[in-house]
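Examining the three-dimensional arrangement
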Amino acid sequence: MNIRRPLVWLLTFYIAGIALYKVGGISIVVITILICTLVLWRLLLPKCKRRERLSNFGFALGFPILFILGYSIMNYQLKPNEMDQIFTDNIKGIVYGKLQMLEDKGDYVVLTLTDNVIDLNSDHIKNNLNEVLLNKNKANNSIKEDVLYHSNKIKVYTSENSKFKIGNILAVSGKIEKFQKATNSGQFNEYEYNKIQWIDFKVKAEKVKVINSSYSWFYQRLYEIKNRFIQIYEQILPQKDAGLISAMILGDTSSLDKDIKNLYKENGISHILAISGLNVSLIGMSLFYLLRRLRIPNFIATLLSIFLIFSFGVLTNFSVSTNRAVVMLIIFMWGGVIGRTYDLLSAASLSALIILIQSPMEIYNAGFLLSFSAILGMALLYPIFKNMIGKKYKLAEAFLLTLSIQIITLPVMLYFFYEIPLYSIIINLIILPLSSLIVLISLVAGMVGLIAIPLGLFIIGGVHYILNFYEIVCRFGEKLPGRMILVGRPDLWLLAFYYFILIVWILLNTEVLRKKTIVLLSFLLLIFIKSKNVDLEVTFIDVGQGDCIFMKSPENVTYLIDGGSSDVKEVGKYRIEPFLKSKGVWKLDYVILTHLDTDHISGVLELMENSKNGGYEGNIVMGHLILPNVQEKDQEYMDIVTLAESKGIKVLYIQKGDVIKENHVTMTCLNPSSDTLHADNAASVVLSVNYGDFDLLLTGDLEGEGERQVLSILNSTSSLLPPQDKDTDEILSEPIEVIKDYDVLKVAHHGSKNSTYEPFLSLTRPELALISCGRNNRYGHPSPETLKRLEDAGSETMITYESGAVTISTDGKKMEVKGFLVNF
């Protein structure tokens with residue numbers, strides 16, 4: 001018995017080794033290897049003919065070997081760099097490394113250095129740097145080994161670029177920084193993204209010096225060719241079109257128009273901005289056809305085509321999709337030379353195996369998963385759908401191909417991007433047939449432009465009109481109702497269930513059972529169903545030096561209390577909005593601003609600027625904005641009111657005694673009082689939240705007189721009386737008993753020493769104290785004095801820069817506390 005598609009099995013075992021590293025120790029690995037080896041021996045070898053056994057035994061032996069290899073390389077890749085324990089965020093130093101890649105971003109240049117030696121002692125004199133670089137273990141005697149560190153790759157940001165060549169040895173002095181780990185759901189994980197590429201640190205360069213000018217002729221020439229093509233496109237196309245073509249053909253996104261990028265993304269065609277397998281195949285086969293037309297022998301034409309396609313991959317920096325397409329095309333071409341039939345799944349498996357051996361962490365990369373999921377859709381689902389329609393209809397086949405890819409990539413899309421463009425299948429059917437034409441025309445125009453710019457301009461003329469057509473289609477798609485569906489990140493069990501149903505349906509799909517099993521696909525819709533929220537959920541989002549609290553009630557009413565930062569740029573775009581979308585939240589029913597400091601409102605203002613009335617169209621919608629009711633409203637205050645009203649957001653005002661009540665959840669305002677003048681720290685809105693036996697106190701930046709007033713309310717034995725002049729039903733006015741003992745306290749003013757004094761803590765007696773602030777902030781928050789007072793009060797303390805976002809779930813009796821990085 002021959003093993004069918006052995007490459008698929010080899011890949012499966014390699015991925016199993018990678019996956020098991022995440023869930024088990026070495027003992028589990030050993031047991032798994034033994035079980036798999038026994039099962040394979042039992043299934044494969046006894047049924048074989050004698051002469052087939054040796055061949056099958058070789059493959060069976062490869063399974064545990066690849067399993068161990070996947071586990072081992074993953075372990076090595078995730079191992080922290082030796083410098084990680086030396087500094088927390090950044091440190092001054094000098095990096096010596098070989099220039100591997102150079103990316104011109106316009107305003108700055110990104111250099112990727114490999115085989116790096118790092119010196120943290122600036123007093124050292126390097127007498128023989130080449131010796132240090134070429135033989136790391138035998139450093140020059142003038143350098144103490146205990147201050148030298150090594151790194152696989154380092155990313156350098158600098159404004160210099162003209163004098164560097166690929167392969168140069170560079171000395172870079174500047175600030176060495178760690179990459180930011182994600183601390184909230186939905187946040188981009190800079191650390192993981194770079195770890196996938198084996199990049200350990202980034203350097204903001206102060207000075208870059210070439211210390212060895214030798215370079216790689218091959219890689220440098222490819223880099224120069226790429227830049228020359230970019231320059232030609234900029235000369236023969238309008239700026240916006242040139243940026244698009246450079247992205248589609250060369251993988252260079254430095255000049256890509258942000259508006260166009262978002263437009264393509266919102267319509268589900270952003271994949272055409274990456275170098276796709278279709279483009280690579282089109283280029284490769286066109287080259288091969290041209291060489292054969294020149295009467296070059298098949299073998300020589302194949303070798304030349306493979307070399308040119310590999311060079312194209314290098315030129316475009318070998319993204320995952322390019323890597324996959326290049327490997328699969330080389331297999332296809334070589335198969336023609338040796339007379340072997342091309343198998344799509346086997347070629348994809350070998351391509352995936354090569355990529356994952358280079359970097360096992362690619363298995364967690366959206367680009368890798370989407371690229372290979374699309375191949376599975378073409379190989380497994382499309383033939384089934386095609387057989388269902390019987391007769392050949394080109395348009396129907398194109399629709400089914402797109403549908404097959406969409407079905408199998410849907411869980412990946414939702415896991416990483418949380419939403420899907422509703423009309424993307426139709427828009428892709430319109431867009432994709434012309435993409436091949438764009439690629440061919442642009443390539444020919446670029447090559448002709450090397451000789452004669454006017455001729456290149458003449459050839460590429462049609463591309464401008466096709467790109468304009470793309471934009472018109474996408475602009476029309478923007479106006480369609482319900483164009484975006486926000487689902488949020490599905491639970492892992494839902495993803496597993498989705499693919500289980502798909503696998504069962506594929507296995508059962510025979511001529512007899514095909515129509516009967518089609519009903520199974522309806523279960524795939526379960527991925528869109530969100531489980532009912534039965535608890536009160538409160539999340540203290542990590543926004544760096546600032547405050548942002550999201551709350552969702554058992555009735556699915558949503559609140560955002562503050563949302564800003566003084567050290568995270570565009571915190572609404574990069575922290576708050578991704579968090580909300582990952583939770584499937586497209587509408588904030590109530591947004592409460594405790595006061596108007598930038599570190600409490602900057603992100604809210606971003607969301608408000610993009611907010612639109614009506615249903616979800618890709619931006620967060622706001623229902624109500626609640627502001628502290630103060631007597632003197634300055635210009636900043638009125639500007640916020642004007643902005644909210646222009647967006648159709650109802651503005652409400654809150655003060656001491658007001659109550660926001662929703663079934664069993666009650667939010668009582670303890671501050672500011674009716675005679676407060678300005679919306680400053682002391683006038684921060686203070687909210688006492690009650691749900692069953694659970695009590696939470698939110699204090700904004702409360703300090704000074706404000707804290708004394710709240711303390712007097714908490715000390716009072718009478719009910720809190722409401723104000724008498726309310727004109728809205730959303731905020732109630734009714735007497736309410738004041739809570740004095742809290743389960744959770746949001747510590748005021750980021751843990752400043754000027755708030756949260758002993759009398760306040762002795763009265764509130766919080767079991768858990770939460771502090772929201774940025775690491776190494778310039779204010780010194782949280783202060784040692786405040787931390788000591790909390791410790792003396794018997795409170796457990798969690799700080800967002802240590803634990804990441806902190807989520808509290810409660811049924812009104814018990815509470816569960818989870819940090820994004822560490823748990824309570």
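Parameters and conventions
- Residues numbered from 1 in each chain as written.
- Predicted model: local features only at pLDDT ≥ 70, side-chain atom pairs only at ≥ 80, totals over all residues.
- Heavy atoms only, no water.
- Helix = DSSP H or I, 4+ residues; strand = E, 2+ residues; numbered from the N terminus.
- Buried < 20%, exposed > 50% of the residue type's maximum accessible area, 1.4 Å probe, protein only.
- Contact = heavy atoms within 4.5 Å.
- Areas by Shrake-Rupley, 256 points an atom, 1.4 Å probe, with all protein chains shown as cover.
- Phe/Tyr/Trp six-rings, centres within 6.5 Å; stacked < 30°, edge-to-face > 60°.
- Lys NZ or Arg CZ within 6 Å of the ring centre and 35° of its normal.
- Core = buried A, V, L, I, M, F, W, Y, C linked by side-chain atoms within 4.5 Å.
- Pairing = 2+ DSSP bridges.
- Expected span 1.5 Å × (residues − 1).
- Axes fitted to C-alpha atoms, helices over the stretch in contact; angles between N-to-C directions.
- pLDDT = per-residue confidence, 0-100.
- Patch = residues over 30% accessible without salt bridge, like charges linked within 9 Å, V, L, I, M, F, W, Y side chains within 5 Å.
- Salt bridge = Lys/Arg side-chain N within 4 Å of Asp/Glu carboxyl O.
- Lys, Arg positive; Asp, Glu negative; His and termini not counted.
- Charge placed at Lys NZ, Arg CZ, Asp CG, Glu CD.
- Bend = angle between axes of the 7 residues up to and from the residue.

Take the overall build of the protein next. Each helix and strand counted, the protein has 26 helices and 23 strands in total. Each of the 824 residues in the protein was classed as buried or not, and the buried ones make up 51%. Intrachain contacts of the protein at a sequence separation of at least 6 include 71% that bridge at least 24 residues. Accessible area for the protein stands at about 39200 Å²; split by element, carbon and sulfur atoms hold 58% of it.

The final tally for this structure, using the stated rule, is 20 aromatic pairs. An angle of 45° between the planes, with centres 6.1 Å apart, marks the rings of Y108 and Y157 as tilted. Note that Y108 is positioned in the loop between β1 (90-104) and β2 (109-119) and Y157 in strand β3 (residues 148-158), a separation of 49 residues in sequence. The exposure class of Y108 is partly exposed, given its relative accessible area of 38%. Here F332 and Y342 contribute two aromatic rings whose centre-to-centre distance is 5.2 Å and whose plane-to-plane angle is 85°, an arrangement assigned as edge-to-face. One end of the pair, F332, is in helix α11 (residues 320-338); the other, Y342, is in the loop between α11 and α12 (344-358), with ten residues separating them in the sequence. An aromatic cluster of three or more residues is present, and its members are F218, Y219 and F307. Note that K181 overlies the ring of Y191, its terminal NZ or CZ placed 4.8 Å from the centroid. The ring of Y415 has R489 lying over it, and the distance from NZ or CZ to the ring centre is 4.3 Å.

In terms of nonpolar packing, the biggest core is built from 52 residues, with Y233, I245 and Y264 touching the most fellow members. Residue assignment for this core shows that the elements contributing at least two residues are α6 (217-236), α7 (239-250), α8 (258-266), α9 (277-293), α10 (298-315), α11, α15 (424-449) and α17 (461-479). Filtering out sequence-adjacent residues up to four positions away, I245 remains in contact with Y233, L237, L250, I438, S442, V463 and L467. With 32 residues, the next largest nonpolar core counts L560, F579, V630 and L643 among its residues.

This part covers the pairing of strand β9 (residues 548-552). Summarising burial for β9: five of the five residues are buried, a large majority. Across the two faces of β9 the burial is the same, with C548, F550 and K552 and I549 and M551 all buried. Strand direction decides the pairing type here: strand β8 (residues 536-540) and β9, joined by four bridges, are antiparallel. The residue of β9 that forms the bridge with F540 is I549. With five bridges connecting them, β9 and strand β10 (residues 558-563) associate as antiparallel partners.

Let's shift gears to the pairing of strand β16 (residues 686-691). Burial within β16 is extensive, with five of its six residues counted as buried. Here strand β15 (residues 665-671) pairs with β16 via six bridges, running antiparallel. Within the sheet, the bridge partner assigned to V665 lies in β16 and is Y691. Summarising the sheet, β16 and strand β17 (residues 694-698) pair through five bridges and their orientation is antiparallel. From the neighbouring strand, L687 faces β17, where its bridge partner is L698. What sits between β16 and β17 in their antiparallel hairpin is a turn of two residues, with G692 showing a positive phi close to 60°.

A few words on α11. Its 19 residues place the ends of α11 27 Å apart at the C-alpha level, agreeing with the 27 Å of an ideal helix rising 1.5 Å per residue. All buried positions along α11 are accounted for by V320, S321, T322, N323, R324, A325, V326, V327, M328, L329, M333 and G335. Those residues of α11 hidden inside the fold are in contact with α9, α10, α12 and α13 (366-389). Looking at the residues trailing α11, positive phi occurs at G339, about 80°.

Attention now moves to the sheet that holds β9. The sheet built from eight strands is open, its strands ordered β13-β12-β11-β10-β9-β8-β22-β23 with mixed pairing. Single-partner strands in this sheet number two, and they are β13 (650-654) and β23 (815-819). Sheet twist, expressed as the average angle between the axes of neighbouring strands with direction ignored, equals 20°. As judged from the five bridges shared by strand β22 (residues 806-810) and β23, these two strands associate in the antiparallel manner. Bridge pairing links I808 to V817 in β23. Along the sheet, helix α21 (residues 598-610) makes contact with β10, β11 (587-592) and β12 (621-628), crossing β10 at roughly 125°.

Moving on, we get to the confidence of the model for the protein. Here the protein averages 86 in pLDDT, and 88% of its residues register 70 or above. Model confidence for the protein, summarised as mean pLDDT per element, is weakest for helix α4 (residues 129-134) at 43 and strongest for β9 at 97. Confidence drops under a pLDDT of 50 for residues 125-146, and excluding neighbours within four residues, the segment shows 35 contacts in the predicted structure.

Here we take up a positive patch on the surface. A contiguous patch of positive charge on the surface is contributed by K258, K261, K265 and K573. Counting residues per element, the positive patch draws most heavily on α8, which supplies three residues. Tracing the backbone shows K258 in helix α8. K258 sits in the exposed class, given a relative accessible area of 68%.

Right, let's get into α13. With 24 residues, α13 extends 32 Å from end C-alpha to end C-alpha; this agrees with the ideal 34 Å at 1.5 Å per step. Remark: the principal bend of α13, roughly 40°, maps to L381, with a proline, P383, within the next four residues. Two residues or fewer after α13 comes G390, characterised by a positive phi angle close to 70°.

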